[in-house]
Protein chains: 2
Amino acid sequence: MCELLGMECNVPTDITFSFAGLALRGGAKGPHADGWGLALYEGKAARTFIEPAPAHDSPLANFVREHPMHTLLAIAHVRKRTRGPVSLVNTHPFVRELFGRHFVFAHNGTVRNVRRFKTGRFTPIGNTDSEWAFCAMLAGLQNRFGTSYPTSNRELWDAVAKISGRIGSVGTFNFLLADGQHLFARCSTNLHHIVREAPFSSATLSDDDVKVDFAKLTTPSDRVAVIATQPLTRDEKWIRAEPNTLWVFRGGKLRKTLESR
Amino acid sequence: MCELLGMECNVPTDITFSFAGLALRGGAKGPHADGWGLALYEGKAARTFIEPAPAHDSPLANFVREHPMHTLLAIAHVRKRTRGPVSLVNTHPFVRELFGRHFVFAHNGTVRNVRRFKTGRFTPIGNTDSEWAFCAMLAGLQNRFGTSYPTSNRELWDAVAKISGRIGSVGTFNFLLADGQHLFARCSTNLHHIVREAPFSSATLSDDDVKVDFAKLTTPSDRVAVIATQPLTRDEKWIRAEPNTLWVFRGGKLRKTLESR
């Protein structure tokens, strides 16, 4: 299994604290030693740091932890290989262009017989079920909306819920998907979120003694949604997702919970 | 103007030395202060480090210089903005999937009225002539070969020469293009290369006093082609490209020089 981390905010926010919690599970405290990745949006494009090696003792992961990187939208992943060898092509998150913007995707679980789903113009580069499922979702979105970003947000949300529900019906399909404006978080089995907003308090990482007082780092109008496979902090109240649902985040808020089956 | 750097080898080679020379031109010794990027292949996929800020005093560029990264194929770029604002979406090298592999592209020069060229399924994310030209080249390759990587190398080389010649006929189109197997280097105005092979000697960076003795770092069968806008070392003999030609590198060798007009 793998662990997912997403962050979606209304002001550029540093992901270092949450990423540190995730990276601890990448080889040190967890069994997720087969690679890690982090994608950070700046507008319609994301830049990605990936490494097919454990996050815990990675110089690049250390670099990311030590250099604050502010973003409105980010997806991170630590990998425990289930399908496909350990290599760069199989390291999440995956990034592709659709509608003239980057889509970013990270997956937790296994989708059986994923090759039954058509991937259209998106050819997988590696050999994971995850990348194939991502390509199939993008192909589904392109079939539905053509070449332009949908003008109706609600239609986009419904399409993501429906297409991912179809893929999720034949496997474990917990994922994070971002398009530069939204963060979509689908639950098959395990997914949690928290929205940090005023009045801010402090939080302590579950796997370490690192503590952050968000009140000192924020303004009252800040809002940050954090989504993770398992709660990353031990003193905050995380909300657990229902199986076969899709959460849609935008502006640091949970905008909608949709059925996805 | 911008500066290009490519490396293509027959054994995994550290690009740190050449990248250090390029990064010096990114704000310290040159006027190329508007961003930098480096893409390193591992098989069919590349990982990319990009930053819309000067390379010279960038912590991330320092990280890259200080951590040896071995690869068979790499493309780097430092940018002096001519078209399009300074931002992540406009930072080279650009990466897209075609034929189930990453294509990587970096450009030096300006292509006028680039929007006359069709980009097919590849929608530019930013607003540079460079990314548009890259998308147009990929669309041309897909039109020519469909969805699978060409079985004939020679047909691929000819197609790259022809498509890029058409785009280069209306602008300055010096570029580096890689597909995980080849490094294509097209010259409109300025491009140089050197092939380092046995017997190896030492070399000194043009813009600094850093000296490397390649004899100590190599085995007699190693072969490394380095391509750059301007020679990066002061004591080696670089070969200057003729305008409107395309060099094709593979296995650390110059395989072919094709006309591209």
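Residues numbered from 1 in each chain as written. Chains lettered and ligands numbered in written order. Predicted model: local features only at pLDDT ≥ 70, side-chain atom pairs only at ≥ 80, totals over all residues.

Caption draft 1: Layout of the packing of helix H1 (residues 16-24) of chain B against helix H2 (residues 59-66) of chain B. All names here are of chain B. Two elements in contact, H1 and H2, have axes whose closest approach is 9 Å; the angle formed by their N-to-C orientations is 150°. When the axes of H1 and H2 are compared, the pair comes out roughly antiparallel. For the pair H1 and H2, contact is made by Thr16, Phe19, Ala20 and Ala23 and by Ala61, Val64 and Arg65, respectively. Here the residues of the contact of H1 with H2 are counted per class, giving five nonpolar, one polar and one charged. (Axes fitted to C-alpha atoms, helices over the stretch in contact; angles between N-to-C directions. Helix = DSSP H or I, 4+ residues; strand = E, 2+ residues; numbered from the N terminus. Parallel < 35°, antiparallel > 145°, perpendicular 65-115°, else oblique. Contact = placed C-beta atoms within 7 Å. Nonpolar A, V, L, I, M, F, W, Y, C, P; charged D, E, K, R; others polar.)

Caption draft 2: View of the interface of chain A and chain B. Listed as interface residues are 23 residues of chain A and, on the opposing side, 23 residues of chain B. Of all the secondary-structure elements, those providing two or more residues to the side of chain A that touches chain B are strand E3 (45-51), helix H2 (59-66), strand E5 (94-98) and strand E6 (101-108) of chain A. A per-element tally of the side of chain A that touches chain B places E3(A) first, with three residues. Taken together, the residues that form the side of chain A that touches chain B break down as nine nonpolar, seven polar and seven charged.

Caption draft 3: Structural detail: the sheet that holds E3(A). Residues and elements named next belong to chain A. Spatially, E3-E2-E4-E1-E12-E9-E13 is the arrangement adopted by the seven strands of the open sheet, whose pairing is antiparallel. At either margin of the open sheet sits one strand with a lone partner, and together these are E3 and strand E13 (239-240). Of the strand pairs in this sheet, strand E1 (residues 3-14) and strand E4 (residues 70-78) are connected by eight bridges, and their pairing is antiparallel. Counted as the bridge partner of Leu5 is Ala76 from E4. In the packing of helix H1 (residues 16-24) onto the sheet, contacts are made with E1, strand E2 (36-42), E4 and strand E12 (223-228), and the angle to E1 comes to roughly 170°. Where H2 meets the sheet, its contacts fall on E2 and E3, and the angle it forms with E3 comes to roughly 135°. (Pairing = 2+ DSSP bridges.)

Caption draft 4: Here's a closer look at the relation of the copies chain A and chain B. When chain A is fitted onto chain B, the two copies agree to an RMSD of 0.0 Å after a turn of 180° and an axial shift of 0.0 Å. Such values leave the two copies arranged in the relation of a two-fold axis. Comparing interface residues between copies, 100% of those in chain A also lie at the interface in chain B; the contact surface is shared. (Least-squares fit on C-alpha atoms with pLDDT ≥ 70 in both.)

Caption draft 5: Here's a closer look at H1(A). Residue and element names in this part refer to chain A. Of all nine residues making up H1, eight are buried, and the element is well covered by its neighbours. Buried within H1 are the following residues: Phe17, Ser18, Phe19, Ala20, Gly21, Leu22, Ala23 and Leu24. On its buried face, H1 sits against E1, E2, H2, E4, strand E11 (211-213) and E12. (Buried ≥ 20, exposed ≤ 12 C-beta atoms within 10 Å, placed from the backbone.)

Caption draft 6: Spotlight on the sheet that holds strand E14 (residues 245-250) of chain A. All names here are of chain A. The strand order E5-E6-E7-E8-E14-E15 describes an open sheet built from six strands, whose pairing is antiparallel. Two strands bound the open sheet, and with one partner strand each, they are E5 and strand E15 (253-259). Neighbour-to-neighbour, the strand axes of this sheet turn through a mean angle of 20°, independent of strand direction. Here E14 pairs with E15 via six bridges, running antiparallel.

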